[in-house]
Each structure stands twice: as C-alpha cells, then as structure tokens.
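# Geometric and topological summary
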Amino acid sequence: MYVPGHRTCAGCGPALNYRLVAKAAGPNTIFIGPTGCMYVANSSYLCTPYAVSWIHSQITNGGAVASGIEAAYKILARKKKYDGPFPNVIVMAGDGGSVDIGLQAMSALMYRGHDVLFICYDNESYANTGIQTSPTTPYGANTTFTPPGKAIPEGKVLFPKDPPQLVIGGHPAVKYVATTCISHPLDLMNKVRKALNYDGPTFLHMLAPCPKGWKFDEKLSREMGRLAVDTGMWTLYEWENGVYRYQNLPKQYKTVGEYMKFQGRFSHLKKEHIAKMQAFVDEKIAKIKAIAVEAPIPTPKA
Ligand SMILES: Cc1ncc(C[n+]2csc(CCOP(=O)(O)OP(=O)(O)O)c2C)c(N)n1
Ligand code: SF4
C-alpha cells in the first residue's frame, strides 16, 4: 500500500512508519497528508508511493480535511449514493502538523467525533523545512532554531508537549489512544488495526527516528527506536476507555545517555544537561509505575 519510489532519506523512520501503517490499514483506506516530510519527500515530483487514495492538506488543517471526507462518505451513504464499505480515513501528520500548527483542526475533529484515525508520526522536529524545533523536540536538542551557544549552552531549554495527554485530556468522544515505535512493528500494526476498528476518533503517537534531523547513522533507525524504549525516553502504551496498558516496559531501564550518545543533536550537552534529562525521564517512569499498578489489565468478557 506504500510502495518503493520516494525521495525520503536513507533510513527514514517516518517512511518505514508510513509503510507499516499502510500495510496494517489495507486497500480500503484514504490518507490525508498535511505538509511535511511525509508529503513533500514522498510525493516530489508529480508521483507518489501511496497505492491507495491520498490527498494533500495544509499543515494547519489535516483534521478539518479528514472531517470533511468522513462526513461526505456518511452523507453519501445515507442518501444511498454510495453503497461501498466505509473507508479507513487516516491523517498522517508530522509533529508540527499534529500538536503545534495543526492542533486546532485536530482537536476540533476529536471534539466532533468523526470516525477518523489521526496519526502523529513524530520525528521530533519540523524536519522538511530543515530541522527546526517543534513542541515535541526534546530538551537539549540542537536544531536550526535552537543552536547551542554561550547564552544557551543546551540549545533547547523547553521540555516537550505530551501529545497523547493532550488528546486524552480534552476529548470525550475519543476512546482509544496509543503510542508506537518503528522498532516494535507488530505492536504498531496491531494498534493501527485496533484504532481503525473503533467507531469514532482515535489517535496514535508514533516515534519515528529521523537520521538527518537527529544526526545519527542511517543504519541505526530501528536501534534508535529500541533504545528510546529501553531508556524510557519513549513509552509504549494504550489508553482505552480510561484504562492504561503498557507494552515492553523494561525491567531495568538503561540510562538516557545510552540513547543520546548516538545522536549529534545532543553532542554539545554537558553532564548537567544529561542529568536534567535523566531526572525528567525518571519522573515519567515513576508516574508510569504508579499508573501501571493502579490500572489492572481488564479481562475480556466471555
Ligand atoms: C501554513 C504553513 N506554514 C509553514 C509552512 C512551511 N512548512 C512546510 S513543511 C513544514 C514542516 C512540517 O513539520 P512537521 O509537521 O513536523 O512534519 P515533518 O516535516 O517533520 O515531517 C513547514 C513548517 C507551510 N507549508 N504552511
Ligand atoms: S528529514 Fe527525516 S523525516 Fe524527513 S525524509 Fe529525511 S529522515 Fe525522513
């Protein structure tokens, strides 16, 4: 459903991410592609690798375009002008197109309750424009908008937004939210199918390592994903009707330095900055442990 032939970088995490999503979703699918690498790099010039329907949207309005498509199908079906199967409607938005410049339209989609899967493929920067900071860029990352210097030695001083919590916190129509990583492809595809099976809006936050933006060897994309999970920099979980379930929680977490040392975007950081990152992750892990205990895995009804 996502075929060879696109101008993404060698080792592009978002491209592999797209391939897995398309494979899981199957042929009865319409993709909405807000401006970003997964639009520009895939569809330049005058050809695309999407073997299903696909439409470009502005980076600002992926949620609104998807809402329109979903509403059109519902109305056509009601008026008996369309009797085919209801399509999977999937937005493939970058982090900028999801939780920064595209947040308003995404939130409105969630509020209205459209039957749409909104995916944030998170490469942790505005990549296509040359790697600028976005709200999911980690603390301490070097981007062209957060260069380390004398005044600000760590480059980026802010800690990131939490996209799943934004969605979970404010949208009663949303019953399923999950996180994924390309290093765990089956988990990723299962979550895509599960989200699509829900009747209503769903949200997936997908870590998609970007060798160009994070400045690591292009052969290490999957390894970066694995290390993100093993260090606690990224957590795999589902949130379903108010219940959290975690996947692949490490028994013993590696230190964040084990992950950061491979990435040029962090190479300027001093010990105290890495300690700050470790403290941030430790706090997150402590919270997860508390929730994981409080939220027992529900047993399926017979
Ligand atoms: C309204 C508007 N503002 C700015 C841009 C410039 N622009 C093009 S691609 C892009 C980066 C998108 O970042 P993200 O959504 O994170 O996707 P990525 O490129 O990282 O895949 C931006 C800012 C635009 N196309 N439209
Ligand atoms: S810049 Fe990053 S997200 Fe964009 S095509 Fe290259 S690897 Fe993929």
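Everything below is about the structure shown above.
For the structure given in this document, a descriptive report is provided here.

What counts as what
- Residues numbered from 1 in each chain as written.
- Chains lettered and ligands numbered in written order.
- Predicted model: local features only at pLDDT ≥ 70, side-chain atom pairs only at ≥ 80, totals over all residues.
- Heavy atoms only, no water.
- Near = heavy atom within 4 Å.
- Polar contact = N/O pair within 3.5 Å; in protein donor to acceptor, adjacent residues only side chain to side chain.
- Areas by Shrake-Rupley, 256 points an atom, 1.4 Å probe, with all protein chains shown as cover.
- Nonpolar A, V, L, I, M, F, W, Y, C, P; charged D, E, K, R; others polar.
- Salt bridge = Lys/Arg side-chain N within 4 Å of Asp/Glu carboxyl O.
- Helix = DSSP H or I, 4+ residues; strand = E, 2+ residues; numbered from the N terminus.
- Buried < 20%, exposed > 50% of the residue type's maximum accessible area, 1.4 Å probe, protein only.
- Core = buried A, V, L, I, M, F, W, Y, C linked by side-chain atoms within 4.5 Å.
- Contact = heavy atoms within 4.5 Å.
- Expected span 1.5 Å × (residues − 1).
- Pairing = 2+ DSSP bridges.
- Axes fitted to C-alpha atoms, helices over the stretch in contact; angles between N-to-C directions.
- Patch = residues over 30% accessible without salt bridge, like charges linked within 9 Å, V, L, I, M, F, W, Y side chains within 5 Å.

## Some remarks on the site of ligand 1
With respect to spatial proximity, 17 residues lie near ligand 1, and among them Cys-37, Gly-96, Gly-97, Tyr-121 and Asn-128 are the closest. Ser-125 places a polar main-chain atom, nitrogen or oxygen, 2.9 Å from an oxygen atom of ligand 1. For ligand 1, whose free accessible area comes to 590 Å², the fraction covered by protein is 75%. Classifying every residue of the shell around ligand 1 gives six nonpolar, ten polar and one charged.

## A closer look at the pattern of salt bridges
Inspection of the entire model under this criterion finds eleven salt bridges. Across the pair Lys-191 and Asp-187 runs a salt bridge, and its minimum N-O distance is 2.9 Å. Taken together, the positions of Lys-191 and Asp-187, both in helix H7 (residues 185-197) and four residues apart, correspond to about one turn of that helix. With relative accessibility at 2%, the residue Lys-191 sits in the buried group. A salt bridge links Glu-238 to Arg-245, with the shortest nitrogen-to-oxygen separation between them at 3.6 Å. One exposure class covers both Glu-238 and Arg-245, and it is buried. Via salt bridges that share partners, Lys-194, Glu-238, Glu-240 and Arg-245 belong to a single interconnected network.

## A look at the site of ligand 2
Thr-8, Cys-9, Cys-12, Pro-14, Cys-37, Asn-123, Cys-210, Pro-211 and Lys-212 make up every residue found near ligand 2. Along the lines of polarity and charge, the residues of the shell around ligand 2 split into six nonpolar, two polar and one charged.

## A few points about the nonpolar core
Core analysis: the biggest nonpolar cluster contains 30 residues, and Val-21, Phe-31, Ile-90, Leu-117, Ile-119, Val-192 and Leu-204 have the highest contact counts within it. Going through the elements one at a time, helix H1 (13-25), helix H2 (37-43), strand S3 (88-94), strand S4 (117-122), strand S5 (176-181), H7 and strand S6 (202-207) are the ones with two or more residues in this core. Top contributing element to this core by residue count: H1, with seven residues. Each residue touching Val-21, except ones within four places of it in the same chain, is listed here: Phe-31, Ile-90, Met-92, Ile-119, Leu-188, Val-192 and Met-206. Within the second largest apolar cluster, 24 residues are counted, among which are Ala-66, Phe-118, Val-167 and Ile-168.

## Concerning H1
Between its first and last C-alpha atoms H1 spans 18 Å; for 13 residues at 1.5 Å apiece the expected length is 18 Å, and the two agree. Among the 13 residues that make up H1, ten are buried, leaving the element largely enclosed by the rest of the structure. Along H1, the residues that are buried comprise Gly-13, Pro-14, Ala-15, Asn-17, Tyr-18, Leu-20, Val-21, Ala-22, Ala-24 and Ala-25. At the exit of H1 stands Gly-26, carrying a positive phi of roughly 85°.

## Side note on unusual backbone geometry
Cis peptide bonds are those with omega within 30 degrees of zero, and the linkage from Ser-44 to Tyr-45 qualifies with -10°. Relative to the helices and strands, Tyr-45 resides in the loop between H2 and strand S2 (53-57). Not every positive phi belongs to a glycine, and Lys-215 is a case in point at roughly 60°. Within the secondary structure, Lys-215 sits in the loop between helix H8 (211-214) and helix H9 (221-231). Here Asn-241, not a glycine, exhibits a phi torsion of approximately 50°, which is positive.

## Observations regarding the sheet that holds strand S7 (residues 236-240)
Whether parallel or antiparallel, the strands of a sheet pair through hydrogen bonds between backbone atoms. Judged by pairing direction, the sheet is mixed, and its eight strands sit side by side in the order S2-S1-S3-S4-S6-S5-S7-S8 without closing on themselves. Across the chains shown, the open sheet's two edge strands, defined by having one partner strand only, are S2 and strand S8 (243-247). Strand-to-strand twist of the sheet, defined as the mean angle between neighbouring strand axes without regard to direction, takes the value 20°. Of the pairings in the sheet, the one linking strand S1 (residues 29-34) to S3 comprises four bridges and is parallel in character. The residue of S3 that forms the bridge with Thr-29 is Asn-88.

## Description of the packing of helix H3 (residues 62-78) against helix H5 (residues 103-112)
It is the contact of H3 with H5, at a shortest axis distance of 6 Å, that shows an interaxial angle of 35°. In contact with Gly-63, Ala-64, Ala-66 and Ser-67 of H3, H5 contributes Ala-105, Met-106, Leu-109 and Arg-112. Residue classes in the contact of H3 with H5 are distributed as five nonpolar, two polar and one charged.

## Here we look at a nonpolar patch on the surface
The grouping of Ile-152, Val-157 and Leu-158 at the surface amounts to a nonpolar patch, some 270 Å² of accessible area in total. Locating Ile-152 in the fold gives a position in the loop between S4 and helix H6 (163-170). Note on Ile-152: relative accessible area 38%, which makes it partly exposed.

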